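Summary of the model geometry
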Amino acid sequence: MFIVCVAACPTGIAHTYMAAEALELTGRQRGHEIKVETQGSLGIENDITADDLARADGVIIAADVAISGKERFDGMIKLECSVSDPIKFGDAVFEALEQEHANG
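Now for a quick tour of the structure. Everything quoted here is computed from the prediction, not taken from an experiment.

1. Some details on the side chain of Thr 26
The residue Thr 26 is located in helix H1 (residues 14–29) in this model. By relative accessible area, which is 10% here, Thr 26 ends up buried. Ignoring anything within four residues of it in the chain, the contact list for Thr 26 reads Gly 90, Asp 91 and Phe 94.

See below:
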């Protein structure tokens, strides 16, 4: 699967980037292609493009704040969780999205 992700925390520093790293690592370990956009103190980095959205099989939004551009994920298989969930429960986050995709 190709999975796009957004990571964002209230201060936009540590947890945003820790979650991004966890999403990339766990996703790749599970055999997925991953792209993670961060929305933090430096603004939006590694933007998810229209091409990314067109080929994405699902999206993970790991955020404890409102994210910019959430509507672009409307109609997609989506999992929303706390920014800390990929850090603490990475496999469970991906298992839930994979299950949604399988039931899709």
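This is not the end of the story, as more comes after the structure.
2. Section: the pairing of strand E1 (residues 2–8)
The element E1 is extensively covered by neighbouring structure, given that 7 of its 7 residues are classed as buried. Here E1 shows a buried face lined by Phe 2, Val 4, Val 6 and Ala 8 and a second buried face lined by Ile 3, Cys 5 and Ala 7. Where E1 meets strand E2 (residues 33–40), 6 bridges bridge the pair, whose relative direction is parallel. Bridge pairing in E2 links Ile 3 to Ile 34. Crossover handedness for the path E1 to H1 to E2: right-handed. Pairing of E1 with strand E4 (residues 58–63), which is carried by 6 bridges, proceeds in the parallel orientation. Residue pairing across strands places Cys 5 opposite Ile 60, the latter belonging to E4.

3. Some thoughts on unusual backbone geometry
Within the chain, Asn 46 stands out as a residue other than glycine whose phi angle is a positive 60°. Topologically, Asn 46 is positioned in the loop between strand E3 (43–45) and helix H2 (50–55). Given the relative accessible area of 43%, Asn 46 is considered partly exposed.

Definitions and cut-offs
- Residues numbered from 1 in each chain as written.
- Predicted model: local features only at pLDDT ≥ 70, side-chain atom pairs only at ≥ 80, totals over all residues.
- Heavy atoms only, no water.
- Helix = DSSP H or I, 4+ residues; strand = E, 2+ residues; numbered from the N terminus.
- Buried < 20%, exposed > 50% of the residue type's maximum accessible area, 1.4 Å probe, protein only.
- Contact = heavy atoms within 4.5 Å.
- Pairing = 2+ DSSP bridges.
- Right-handed = clockwise from strand over helix to strand, strands pointing away.

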